[in-house]
Amino acid sequence: MKFLIINGPNMNMLGVREPEIYGHKTLKDLEAVIWAYCSDKGVDLEFFQSNSEGAIVDAIQEALKDDDGIIINPAAYTHTSIAIPDAIKAVGLPAVEVHLSDLNSRESYRKHSFTSEACIATIMGKGFDGYLEAVDTLLQALK
Ligand code: DQA
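Because the structure is a prediction, the values reported are computed rather than measured.

**What to know about the environment of Ile70**
(1) Moving on: For Ile70, the position within the fold is in strand β3 (residues 69–73).
(2) Moving on: Between the alpha carbons of Ile70 and Ala32 there is a distance of 17 Å; along the sequence they are 38 residues apart.

In structure tokens:
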């Protein structure tokens, strides 16, 4: 079993960007937490981060080669991109959308997600734990 974990724009700035919202830990810390969680679950992981919408679409298409599921935090593209949910639908792999923060308690323009309709679940407001819940959601879906 292999999952592709995608983080969108500015997620490479974790630890620096708005720590009052996103915390002090880095993207590398996040990856280490997910690796540790998956170590005894028989799940292999591939991590991808990009600030470019097209690169994220390419990564989703590539997932068809050898990934069983996708965990995606599309970051700001959540609220603007049609291409990303289209790509998720195109490959037909189960995908779970994750957000560190609770979008419903932030600016009104963050309340709508274009991505969520292509995903089997959306998890938000749980920080790094949201990604771990997403792993379990995918494992459950792929049983
Ligand atoms: C985010 C929420 C988005 O609205 C924002 O643009 C991000 C991060 C989150 O993880 O809480 O970059 O996806």
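That shown, we press on.
**With respect to the site of the ligand**
(1) Moving on: What surrounds the ligand is the set Arg17, Tyr22, Asn73, Ala75, Ala76, His79, His99, Leu100, Ser101, Leu103, Arg106 and Arg110.
(2) Moving on: Within the contact set of the ligand, an oxygen atom lies 2.8 Å away from a side-chain nitrogen or oxygen of His99.
(3) Moving on: At a separation of 2.8 Å, an oxygen atom of the ligand approaches a polar backbone atom of Leu100.
(4) Moving on: Contact with the protein chains hides 99% of the accessible area of the ligand, taken as 320 Å² for the molecule alone.
(5) Moving on: Here the residues of the shell around the ligand are counted per class, giving 5 nonpolar, 4 polar and 3 charged.

**Describing the environment of Pro19**
(1) Moving on: By the secondary structure assignment, Pro19 is in helix α1 (residues 19–22).
(2) Moving on: Along the backbone, Pro19 and Asp29 are 10 residues apart, and their C-alpha atoms lie at a distance of 14 Å.

**Here we look at the pairing of β3**
(1) Moving on: β3 sits mainly inside the fold: 5 of its 5 residues count as buried.
(2) Moving on: Residues Gly69, Ile71 and Asn73 line one face of β3 and the alternating positions Ile70 and Ile72 line the opposite face, and both faces are buried.
(3) Moving on: Judged from the 5 bridges that link them, strand β1 (residues 2–7) and β3 form a sheet pairing that is parallel. Note on β3: the bridge partner recorded for Asn7 is Asn73.
(4) Moving on: Relative to strand β4 (residues 95–99), β3 runs parallel, the two being bridged by 3 bridges. In the sheet register, Ile71 faces β4, and the bridge partner there is Val96.
(5) Moving on: Handedness of the crossover joining β3 and β4 through helix α4 (residues 83–91) is recorded here as right-handed.

**Quick look at the pattern of salt bridges**
When their charged atoms lie close together, side chains carrying opposite charge are able to pair.
(1) Moving on: The tally for this structure, following the rule as stated, stands at 9 salt bridges.
(2) Moving on: The partner of Lys2 in a salt bridge is Glu46, with the nearest N and O atoms 3.2 Å apart. Here Lys2 is found in strand β1, whereas its partner Glu46 is found in strand β2 (residues 44–49), with 44 residues between them in sequence.
(3) Moving on: Judged by its relative accessible area of 17%, Lys2 falls in the buried class.
(4) Moving on: Among the ionic pairs, Lys2 bridges to Asp66, the shortest N-O distance being 3.2 Å. One end of the pair, Lys2, is in strand β1; the other, Asp66, is in helix α3 (residues 53–66), with 64 residues separating them in the sequence.
(5) Moving on: Put simply, Lys2, Glu46 and Asp66 are held in one network by salt bridges that share partners.

What counts and how
- Residue numbers restart at each chain and count upward from 1, following the sequence in its written direction.
- In view of the model being predicted, local features appear only for residues whose pLDDT reaches at least 70, and side-chain atom pairs are presented and counted only at 80 or more, with totals across whole chains, interfaces and linings using the full set of residues.
- Hydrogens and water molecules were not included; the side-chain quantities draw on all heavy atoms of the structure.
- Every helix listed is a DSSP run of H or I at least four residues long, and every strand listed is a run of E at least two residues long, numbered separately from the N terminus.
- Near is defined per residue: the residue qualifies when any heavy atom it owns lies within 4 Å of the molecule or strand.
- Think of a polar contact as two N or O atoms within 3.5 Å of one another; within protein, one of them needs to be a possible hydrogen donor and the other a possible acceptor, and neighboring residues in sequence only count if both atoms come from side chains.
- Computed with the Shrake-Rupley method and a 1.4 Å probe, the accessible areas treat only the protein chains shown as cover for residues.
- Side-chain classes follow a simple rule in which Ala, Val, Leu, Ile, Met, Phe, Trp, Tyr, Cys and Pro form the nonpolar group, Asp, Glu, Lys and Arg form the charged group, and the remainder, Gly included, forms the polar group.
- Exposed residues in this analysis have more than 50% of their type's maximum accessible area, buried residues have under 20%, and partly exposed residues fall in between, with area computed by a 1.4 Å probe over protein chains only.
- DSSP-based pairing: two strands are paired if at least 2 bridges between them are found.
- By the criterion used throughout, a crossover qualifies as right-handed when its path from the first strand across the helix to the second strand runs clockwise, the strands pointing away from the viewer.
- Throughout this description, the term salt bridge denotes a Lys or Arg side-chain nitrogen within 4 Å of a carboxyl oxygen of Asp or Glu.

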